[in-house]
Every structure is written in structure tokens, then in C-alpha cells.
Amino acid sequence: MIDTRLLEELSQVEGLSVRHREPMAVHCVWRVGGPVLYLVAETEQAAKECVTLCSKAKLRLRPFDGPNALVRDGGDDLAWLRIGSPAMGFEVDEEKVHIGAQLPAAVAARRMAALGLSGLEALTGQAGTVADAVRSGQVQSETLRCMRGRRVSVGEKLGENHHLLVVSLPVVTSTVGAVQGAGRGVVAKRRGVGPGLPGMLLQNPKRGTAAERMAESGLCGVRLRGLQIGLYEPNQVINRSGEGTVQDLLLLLKLSQDRVRARTGVVLDSALTPRGRNVSSTGGRGRGRR
């Protein structure tokens, strides 16, 4: 249970939006997930005050770095913090391009191309955020500014607890045509197999991709209640009715693993890390893995 006094203190922080028992389904790429305390900081100062208050109340904060966050249907007692406008900007100076880590990857790539700058060609037309691309290794930045206020330079390890604010890239000019052409080539290679996109069900094996193995196993378009595996991106899931649950998603994942193993002999590991509690068959909350 979240302390009501803490909720009152958080609601008084300027630039902080407090949403108690917010359904994570609103923010998750699969449109599933239970209720959480969801905090949105529109300034870095608001984020710092939020961290201080939650620390004093001994309430753990979990950074919301993108749409892959998965909370079980019973919800999560931790607070989820998202940085708003500070992580959405796009600025260019003489030496570097500073991009908000929560900016959609496709938007960042389009802005770079419009300026004739290189560095984000691989993100053309791609879903997810710049932070997703950095964590997956698709974008190699010069420095990363994190929620703690410190910078992570090239070569330093980026921890899972780091909440990215700004990604800095060197200014490298190119022609718009070259940038757009390279982007189209990357998208063409990715189409149909889906590596690098957010919301992946299964991790890629040592050879090939999980999406290729799933397609070979006849999983494209397979439905489970309100959820459907993508027709063209088979390692993605669409919540068609909006009524799918985390339990449905995990069942679909298990079904996919079993069929791929039976048809191809390949064992694929899960790419999902659900948090929080399950909901029991009687409607109550059951134990889940944190």
C-alpha cells in the first residue's frame, strides 16, 4: 500500500504529475498491465524532489524508460517514474546533437535527416524511443545524461537503473539523400523479421532471429483471446480487442516457445521481465516475481 501522506507530498511538487493506481496497460506496448503509482516529472528538479520524497518514505522507484515495461495484472507497489519534457528535446550546437532519450526513434531519425546529419539512419521508420535504441546497442553515443545528473561516457557501463535523459552524438554532416537511402536499406532488411523493435516476445538465438524461427513454425497471425502475433513482424504482439491480459501474453509466449521447439528444435528464451503480482482465479492478488 502507498502511504497517503507520501501521495499528498508528491502532489505538491511543482512539475510532477501523480497518478495513483494508473493502469500500466495505458503505457505498455502490448496494452496490458495492472495498476501502479505512475509519476511524470516535467522538470529535472521535479524528478530530484520525487526521488528524495520516495527515498525518505522507503518507497522504491522504478524508471519508466520505454513501452516495454510489463506489470502483472495484480499491479505493483513500486512507484514508476517517467521523465517528460526534459527527455523529449532536440538541440544542435557546433559540436554535438543532444537528443531527449524518450523522443521516438523515428522522429529523431527524421529530424537528423532533415538537417543533413548522420548517426541515426538505422532508426528510420523504427518504433520505440532513442533510449531503447541506446540500450539495444543500435546507437553509439558520445555521452549519456542520466536522471542522477551524472554523465555516462563512451566505454562506461550503462546500468539498468540509469534513467536516460539526454543522448549526445557528434555532429557528422552528410547529404539528406545518403541518410535517407541508408535508412531505407536498414528498414528493408528488417521488414518481416523484426529485430530491434520494442515489444519482442522472444530473444534472438545465436543464429538468425526469433522472428524467423516463429515464422517457420507457422506462428504469424496466431491469436490467443484478444492478443495476436503479428502477421509481418512475428516477434511482436497486437492487443486487438484491448482486453488481453499479462497472463494471456505469458501464455502466448509459452505457446510460441513450445511450437518453435517442436517444429525447429530451437529453444528460444523469453524477452519479457514481468513485475508485480498475479491475479488469482478468484479475482484476488497472487504472488508474482519482482
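Our structure is the block above this text.
These numbers were taken from a predicted model, which means no experiment stands behind them.

### Describing the packing of helix α1 (residues 4-11) against helix α2 (residues 44-56)
Right, on to step 1. It is the contact of α1 with α2, at a shortest axis distance of 10 Å, that shows an interaxial angle of 165 degrees. Regarding the angle of α1 to α2, the classification is roughly antiparallel. For α1 against α2, the interelement crossing comes out right-handed. Contacts between α1 and α2 involve L6, E9 and L10 from the former and C50, L53 and C54 from the latter.

### So, the packing of aromatic side chains
Right, on to step 1. Under the defined criterion, the tally for this structure stands at one aromatic pair.
Right, on to step 2. Relative to F64, the ring of Y38 lies with its centre 5.7 Å away and its plane at 80 degrees, an arrangement referred to as edge-to-face. Here Y38 is found in strand β2 (residues 35-41), whereas its partner F64 is found in the loop between β3 (61-63) and β4 (79-83), with 26 residues between them in sequence.
Right, on to step 3. Here the basic side chain of R62 rests over the ring of W80, its NZ or CZ set 5.5 Å away from the ring centre.

### Focus: the sheet that holds strand β7 (residues 143-146)
Right, on to step 1. Here we have five strands laid out as an open sheet, ordered β5-β6-β9-β7-β8, and antiparallel in their pairing. Looking along the sheet, the strands with just one partner apiece sit at the ends: β5 (90-92) and β8 (151-153). The average undirected angle you get between the axes of adjacent strands in this sheet is 20 degrees.
Right, on to step 2. Inspection of the sheet shows β7 paired to β8 by three bridges, in the antiparallel sense. Pairing of R145 across the sheet is with R151, part of β8.
Right, on to step 3. On top of the sheet, helix α3 (residues 105-114) reaches β5, β6 (96-100) and β9 (164-170); it is set at about 30 degrees to β5, its chief contact.

### Quick word on α1
Right, on to step 1. The set of residues buried in α1 consists of L6, L7 and L10. Along the axis of α1, the buried positions cluster into a sector of 100 degrees, meaning they face one direction only. Set apart from the buried face of α1 by more than 90 degrees, the exposed residues are T4, R5 and E8.
Right, on to step 2. Of the surrounding elements, those touching the buried residues of α1 are β1 (16-23), β2 and α2.
Right, on to step 3. Put simply, D3 is the residue that caps the front of α1, since its side-chain oxygen is 3.0 Å from the backbone nitrogen of R5.

Scoring rules and cut-offs
Residues numbered from 1 in each chain as written. Predicted model: local features only at pLDDT ≥ 70, side-chain atom pairs only at ≥ 80, totals over all residues. Heavy atoms only, no water. Axes fitted to C-alpha atoms, helices over the stretch in contact; angles between N-to-C directions. Helix = DSSP H or I, 4+ residues; strand = E, 2+ residues; numbered from the N terminus. Parallel < 35°, antiparallel > 145°, perpendicular 65-115°, else oblique. Left-handed = near helix turned anticlockwise from the far one by under 90°. Contact = heavy atoms within 4.5 Å. Phe/Tyr/Trp six-rings, centres within 6.5 Å; stacked < 30°, edge-to-face > 60°. Lys NZ or Arg CZ within 6 Å of the ring centre and 35° of its normal. Pairing = 2+ DSSP bridges. Buried < 20%, exposed > 50% of the residue type's maximum accessible area, 1.4 Å probe, protein only. Arc of directions from axis to C-beta. Polar contact = N/O pair within 3.5 Å; in protein donor to acceptor, adjacent residues only side chain to side chain.

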